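# Overview (structure and organization)
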Amino acid sequence: MNFTDATLARFAKEVAKYPADQKQSAVMACPAIVQQEQGHVSADSEKAVAEYLGMPPIAVHEVTTFYNMYNQQPVGRFKLNVCTNLPCQLRGGQKALDHVCGKLGVEDGGTTTDGQFTVQHSECLGACADAPVLLVNDREMCSFMSTDRLDALLDTLRKG
Ligand code: FES
């Protein structure tokens, strides 16, 4: 995998934020840049980032698999992370995930055949008091997601 000059320039800007002997500190930023540009971080990209930062590929893989904002494969136009961690579980988190999956006809982690939605469970999103919660495209938090509110959200996203 060869990154473009523009991508390498963005990597260099991140690496420059740290002391010269600690460029590995950009291990979160570089995959994020790859994902912004390519939609996901492939295994080949992880290896190339590792080579660029002078670290083992597994160390990059550990980061991209720990944080579910990183996508290991292409995702739909709308990526829906439904929290199923304990506080949300106690207030319908699993029910919300099952409802979204059922409505869209996908398994947890799956993408609809039209490429519009990817649904996956997630760990705590830091909004336990608003459970059940769902995060759209790693940015927009949706709170108190009853089945009615989930249906309304899916309709809005479909139209949007
Ligand atoms: S457990 Fe779901 S947001 Fe914290």
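For the structure, check the block above.
Below you will find a few notes about this structure. Remember, predicted model here, so these are calculated numbers, not experimental data.

To continue, consider the side chain of Thr 84. Examined against the element boundaries, Thr 84 turns out to sit in the loop between strand E1 (78-83) and helix H5 (86-89). Taking relative accessible area as the criterion, Thr 84 reaches 15% and is therefore assigned buried.

On to the side chain of Asp 151, then. Structurally, Asp 151 can be placed in helix H7 (residues 147-159). In this structure the side chain of Asp 151 is engaged in a polar contact, spanning 2.7 Å, whose partner is the side chain of His 99. In this view, Asp 151 contacts His 99 and Lys 103; residues no more than four positions away in its chain are not counted.

When you line up the elements, Cys 101 lands in helix H6 (residues 93-104). Under the relative-accessibility criterion, Cys 101 is labelled buried at 10%. Considering only alpha carbons, one finds Cys 101 and Phe 117, 16 residues apart in sequence, at a separation of 9.9 Å.

What follows covers the packing of H6 against H7. The relative placement of two packed helices is expressed as an angle between their axes plus a distance between the axes. Close contact between H6 and H7 brings their axes to 10 Å; oriented N to C, the two are set at 40°. Here H7 runs oblique to H6, going by the angle between their axes. Pair H6 / H7 crosses with right-handed handedness. Where H6 abuts H7, its residues Lys 95, Ala 96, His 99, Val 100, Lys 103 and Leu 104 lie against Thr 147, Leu 150, Asp 151, Leu 154 and Arg 158. Split by residue class, the contact of H6 with H7 holds five nonpolar, two polar and four charged.

Let us look at H6. An ideal rise of 1.5 Å per residue puts 16 Å on 12 residues; H6 measures up with 17 Å between its terminal C-alpha atoms. Burial in H6 covers these residues: Gly 93, Ala 96, Leu 97, Val 100, Cys 101 and Leu 104. Projected down its long axis, H6 shows its buried positions confined to an angular sector of 130°, all on one face. Exposed residues pointing more than 90 degrees away from the buried face of H6 are listed as Lys 95 and Gly 102. Turning to H6, the residues buried within the fold contact E1, H5, strand E2 (117-122), strand E3 (134-136) and H7. Looking one or two residues past H6, Gly 105 carries a phi angle of roughly 70°, positive in sign.

Cut-offs and rules
- Numbering of residues starts from 1 in each chain and follows the order in which that chain's sequence is written.
- Since the coordinates come from a predicted model, pLDDT governs what is reported: local features require at least 70, and pairs of side-chain atoms require 80 or more to be given and counted, while whole-chain, interface and lining totals use all residues.
- Values reported for side chains reflect all heavy atoms of the structure, with hydrogen atoms and water molecules removed beforehand.
- Counting from the N terminus, the helices are DSSP H or I runs at least four residues long and the strands are E runs at least two residues long.
- The buried label goes to any residue with under 20% of its type's maximum accessible area, the exposed label to any with over 50%, and the partly exposed label to all in between, with areas taken from a 1.4 Å probe on protein chains only.
- Under this definition, polar contacts are N or O atom pairs within 3.5 Å; protein pairs additionally need one hydrogen-donor-capable and one acceptor-capable atom, and for neighbouring residues in sequence, both atoms have to be side-chain atoms.
- In what follows, a contact means two residues having at least one pair of non-hydrogen atoms within 4.5 Å.
- To get an axis, fit a line to the C-alpha atoms, keeping to the stretch in contact for a helix; angles then go from 0 to 180 degrees between the N-to-C directions.
- Throughout, the term roughly parallel applies to angles under 35 degrees, roughly antiparallel to angles over 145, roughly perpendicular to angles from 65 to 115, and oblique to all others.
- Note on convention: the crossing is left-handed when the near helix lies turned anticlockwise from the far helix by less than a right angle, right-handed when the turn is clockwise.
- Lys, Arg, Asp and Glu make up the charged group, whereas Ala, Val, Leu, Ile, Met, Phe, Trp, Tyr, Cys and Pro make up the nonpolar group; the residues left over, Gly among them, are polar.
- For a helix, the expected span equals 1.5 Å multiplied by the residue count minus one.
- Working definition: the arc comes from the directions between the helix axis and the C-beta atoms, pointing outward to the latter.

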